[in-house]
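The chain contents come next:
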Amino acid sequence: MNITFDELKLTDEGLLPTVIQDEVSGTVLMLAYMNKEAFQKTIETKETWFYSRSRKELWHKGATSGNRQVVKRLALDCDQDTLLIQVEPLGPACHTGNTTCFSTILLEDELSNREIIHDIVGEIKKRREHPVEGSYTSYLFREGIDKVLKKVGEETTEVVIGAKNANHHEVTNELADLTYHTLVLMELLHVSVDDVKKVLNERRPASEVLQHD
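Rules used in this analysis
Residues numbered from 1 in each chain as written. Predicted model: local features only at pLDDT ≥ 70, side-chain atom pairs only at ≥ 80, totals over all residues. Heavy atoms only, no water. Helix = DSSP H or I, 4+ residues; strand = E, 2+ residues; numbered from the N terminus. Buried < 20%, exposed > 50% of the residue type's maximum accessible area, 1.4 Å probe, protein only. Core = buried A, V, L, I, M, F, W, Y, C linked by side-chain atoms within 4.5 Å. Expected span 1.5 Å × (residues − 1). Arc of directions from axis to C-beta. Polar contact = N/O pair within 3.5 Å; in protein donor to acceptor, adjacent residues only side chain to side chain. Contact = heavy atoms within 4.5 Å. 1 Å grid on protein atoms, 1.4 Å probe; cavity = no way out; pocket = protein on both sides within 12 Å on 5 of 7 lines; lining within 4 Å. Points joined across faces, edges and corners; volume = space filled by probe spheres on them. Pairing = 2+ DSSP bridges.

A. Looking closely at unusual backbone geometry. Residues other than glycine seldom take positive phi values, yet K46 does so here, at roughly 60 degrees. Among the structural elements, K46 can be located in the loop between α1 (36-45) and β3 (49-52). Among the residues examined, K46 registers a relative accessible area of 47% and is labelled partly exposed. Even without being glycine, A166 reaches a positive phi, approximately 55 degrees. Inspection of the secondary structure puts A166 in the loop between α4 (145-164) and α5 (168-188).

Okay, here's the thing in structure tokens:
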């Protein structure tokens, strides 16, 4: 759909509210505003540009800090008065150094597990780059791929046993162990969660069930 900026429903100031979201984790990173020039520059450069209402000027996200945002997808809401941009963040979105500007929790029914895989991947990567004495993850990296493969094999067997026993608690815990060791293996082989998601996406035609080899 080809829609020009002038066709959108803008604020009284002629601005478009814009929500920025991490394309991989789904985390909402920030809310900002665009004028026509910022909108055009964002499309042209494939990086986010905004209009500062306080400074009354255009700004390129990350131009000073280096925390740029690579645009992956733009979408309008149903009223065409708000823009959603999914990005690859090249650093924290917030000036405080936090990943997201929405870090002050006012109400949370229970701890969210939506980002847990990506959080664990981040911790695994840290342990590989900066080993810690006594860390099990650091130990696995120190031992190498044969040790990690052995653990993946062992945990796979434990999953099978738990499933055969129809033990929900057992199989859930063993699947968690298998997931962790698989993520360590992926880090060793430089395979990202996004790489796996892309393959799954390619195997999922819109009108058919998931395909596999």
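B. Focus on the nonpolar core. Counting residues in hydrophobic clusters, the biggest one holds 17 residues, and the most contacted among them are I20, L29, M30, M34, F50, L83 and I85. In terms of nonpolar packing, the next biggest core, distinct from the first, is built from 15 residues, L140, V148, L188 and V193 among them.

C. Structural view of α4. Under the 1.5 Å per step criterion, the end-to-end length of α4 is 29 Å for 20 residues, consistent within 8% with the ideal 28 Å. Looking only at α4, the buried set comprises V148, K151, V152, E155, V159 and G162. The arc that holds the buried residues of α4, viewed along the axis, is 105 degrees, so those residues lie on one side. More than 90 degrees from the buried face of α4, the exposed residues found are D146 and K164.

D. Representation of the side chain of T100 in the model. With respect to the helices, strands and loops of the structure, T100 is situated in the loop between β6 (83-89) and α2 (116-129). Only 2.6 Å separates the side chain of T100 from the backbone oxygen of V28, close enough to count as a polar contact. A distance of 3.3 Å separates the side chain of T100 from the backbone oxygen of L29, its partner in a polar contact. Filtering out sequence-adjacent residues up to four positions away, T100 remains in contact with T27, V28, L29 and C94.

E. Just the layout of surface pockets, in detail. Within this model, the largest pocket holds a volume of roughly 720 Å³. As for the largest pocket, its lining consists of 26 residues, of which D22, V24, H118, V121 and G122 are closest to the centre. Counting residues per element, the ones that place at least two in the lining of the largest pocket are β6, α2, α5 and α6 (193-202). The leading source of residues in the lining of the largest pocket is α2, at five residues.

F. Fine view of the pairing of strand β1 (residues 16-22). Of all seven residues making up β1, six are buried, and the element is well covered by its neighbours. Here β1 pairs with strand β2 (residues 28-34) via six bridges, running antiparallel. Bridging from a neighbouring strand, V19 pairs with L31 of β2. Hairpin connection, β1 to β2: the antiparallel pair is bridged by five residues, and G26 has positive phi, about 85 degrees. When β1 meets β6, the two strands line up parallel, connected through five bridges. Bridging from a neighbouring strand, D22 pairs with V87 of β6.

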